[in-house]
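Structure at a glance
The lines below spell out each chain.
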Amino acid sequence: MSQAETVGPVGAVRSRNPLWTFGILRSELTTTLRRWRTLALLGVLAAVPVLIGIAVRIETGDGSSAGPGGGGGPAFLSQVTNNGLFLVFAALSVTLPVFLPMAVGVVAGDSIAGEAGAGTLRYLLVAPAGRTRLLLAKYASTLVFCLVATVVVAASALAVGALLFPVGEVTTISGTQIGFGEGLLRAGLIAVAVAASLIGFAALGLFISTLTGSGIAAMATTVGVLITVQILDSIPQLSGMHPYLFPHYWLSFADLLRDPVYWDDVVKNLGLQGLYAAVFGSAAWARFTAKDITA
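Everything in this summary refers to the structure shown in the same document.

What counts and how
- Along each chain, the written sequence defines residue order, and numbers are assigned to residues from 1.
- Reporting in this predicted model follows two pLDDT cut-offs: at least 70 for local features of residues, and 80 or more for side-chain atom pairs to be given and counted; totals over whole chains, interfaces and linings ignore these cut-offs and use all residues.
- In computing side-chain properties, one takes all heavy atoms of the structure into account and sets aside hydrogens as well as water.
- Numbering goes from the N terminus for both helices and strands, where a helix is a DSSP run of H or I of at least four residues and a strand is a run of E of at least two.
- Exposure classes here rest on a 1.4 Å probe applied to the protein chains alone. A residue is buried below 20% of its type maximum, exposed above 50%, and partly exposed in between.
- Residue contacts are counted whenever heavy atoms from the two residues lie within 4.5 Å of one another.
- The salt bridge criterion pairs a side-chain nitrogen of Lys or Arg with a carboxyl oxygen of Asp or Glu, the two atoms within 4 Å.
- Nonpolar cores are built from buried Ala, Val, Leu, Ile, Met, Phe, Trp, Tyr and Cys residues. Side-chain atoms within 4.5 Å join them into one set.
- Two rings from Phe, Tyr or Trp (for Trp, the six-membered ring) form a pair when their centres sit within 6.5 Å of each other. Planes less than 30 degrees apart are called stacked, planes more than 60 degrees apart edge-to-face, and all others tilted.
- Using protein atoms alone on a 1 Å grid, points that fit a 1.4 Å probe yet trap it form a cavity, whereas open point sets bounded by protein on both sides within 12 Å along at least five of seven lines form a pocket; residues with an atom within 4 Å of a point count as lining.
- Grid points are joined across faces, edges and corners, and a volume is the space filled by probe spheres set on the points.
- Following the grouping adopted for this structure description, the nonpolar residues are Ala, Val, Leu, Ile, Met, Phe, Trp, Tyr, Cys and Pro, the charged ones are Asp, Glu, Lys and Arg, and the polar ones are all others, Gly among them.
- Counting rule for charge: Lys and Arg are taken as positive, Asp and Glu as negative, and neither His nor the chain ends is counted.

A word on the overall build of the protein chain
Scanning the protein chain for helices and strands turns up 11 helices and 4 strands. Buried positions account for 43% of the 295 residues belonging to the protein chain. Considering only intrachain contacts with a sequence separation of at least 6, the fraction spanning at least 24 residues in the protein chain is 73%.

In structure tokens form, the structure reads like this:
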């Protein structure tokens, strides 16, 4: 038998098609994005900018300004009435600390544990799938969900902002003005940065998912870890450990709206997420490849 062939559990000869891995990924993506739970999560995320836009519209109906003054975080709300594009930045700053990571935590936590709880995991491991390729496909599908979820928030905010408020030149945090086209490019770059901010947490959720056979337990634990770490990141007395916590630089995407762009914290965030992805991705692989699959 050549190395390009393997024998399945019933003695059938199977070819190791190099496209098999992409087939696994396509199957995982289709399964993940077609689940009612996933669609419900995306629906909730899409509704957040709608609620923010309507609230700002109602609040500013008498001509008053919305939100606090300043330049970053929720202060983007103060710019929404002047330019609907700022609703994209405001919606991302509101959803990133809670809604987006919770949605990712549900998907990542359920990725392995959910299959084990449903009794389908061992069937997914039938040759020539393999544990490593299955784990990589699960993680890749979670990363795609991170991007899809972020794009859903940004697209919903852009549509609502353009519908309820005027759009035009964008005033950056630095006080300079850029054209609407460049503002859209900055919004796209910010959406990518927000999605990339979740890759470390996605790996953490995947690792937790390999520790249990209950999807609900894995999802609850992942979300619990998220809440705990965010509480730790908000305690001033623990400032020494803050730069090592995965959500610490999440809101650094606001620096992409400066002129010129301030990259320091953005790069730190990407490096930290890469470190978390490497550590917990390796831990997930070590756990999953040695795990006794009984369901």
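More follows now that the structure is in view.
What about the environment of Ala278?
Structurally, Ala278 is set in helix 11 (residues 264-290). Owing to a relative accessible area of 43%, Ala278 belongs among the partly exposed residues under this scheme. Considering only alpha carbons, one finds Ala278 and Leu204, 74 residues apart in sequence, at a separation of 9.9 Å.

A word on the pattern of salt bridges
Here the structure, examined in full by the defined rule, presents 2 salt bridges. Across the salt bridge formed by Arg186 and Glu182, the nearest N and O atoms sit 3.2 Å from each other. Here Arg186 pairs with Glu182, and both are found in helix 8 (residues 180-196), just 4 residues apart, close to one helical turn. Accessibility expressed as a relative area gives 36% for Glu182, which makes it partly exposed. As a salt-bridge pair, Arg258 and Asp255 come within 2.8 Å of each other at their nearest N and O atoms.

Here we look at the nonpolar core
Inside soluble globular proteins, nonpolar side chains tend to come together where they are buried. Core analysis: the largest hydrophobic core is formed by 66 residues, its most contacted members being Phe76, Val80, Val88, Phe89 and Phe246. For Val80, the residues in contact, after removing those within four places along its chain, are Val56, Phe86, Leu87, Ala90 and Phe165.

Observations concerning unusual backbone geometry
In this chain, Asp259 is followed by Pro260 through a cis amide linkage whose omega measures 5 degrees. Tracing the chain through its elements places Pro260 in the loop between helix 10 (215-233) and helix 11.

Here we look at the packing of aromatic side chains
Applying the stated criterion to the full structure yields 6 aromatic pairs. On the basis of an interplanar angle of 85 degrees and a centroid distance of 5.4 Å, the ring pair of Phe86 and Phe89 is categorised as edge-to-face. With a gap of 3 residues between them, Phe86 and Phe89 both fall in helix 4 (residues 86-95), about one helical turn apart. Look at Phe246 and Trp250: their rings are 5.8 Å apart centre to centre, the planes differ by 55 degrees, and that puts the pair in the tilted class. Note on accessibility: Phe246 and Trp250 belong to one class, buried. Chaining the aromatic ring pairs together yields one cluster made of Phe201, Phe207, Phe246, Trp250, Tyr276 and Phe280.

Quick word on empty space enclosed by the protein
Scanning the model with the defined rule gives 2 cavities of 30 Å³ or more in all. Considered as a void within the structure, the largest cavity measures approximately 50 Å³ in volume. Along the walls of the largest cavity sit Glu28, Thr32, Arg35, Val107, Ser111, Lys138, Ser141 and Thr142, which together make up its complete lining. Elements with a minimum of two residues in the lining of the largest cavity: helix 1 (20-34), helix 5 (99-118) and helix 7 (131-164). Per element, the largest residue contribution to the lining of the largest cavity is 3 residues, and it comes from helix 7. A per-class count over the lining of the largest cavity returns 1 nonpolar, 4 polar and 3 charged. By volume, the second largest cavity is sized at about 30 Å³. Of all elements in the fold, only helix 2 (36-59) and helix 5 reach the threshold of two or more residues within the lining of the second largest cavity. Its residues assigned to classes, the lining of the second largest cavity comprises 1 nonpolar, 2 polar and 3 charged.

Notes on the side chain of Asp233
Topologically, Asp233 is positioned in helix 10. It is Lys268 that comes nearest to the buried, bridge-free Asp233 among opposite-charge side chains, at 13 Å. Asp233 has contacts with His242, Leu245, Pro247 and His248, leaving out every residue within four places of it along the chain.

Keep in mind that these numbers describe shape and distance, not what the molecule does.
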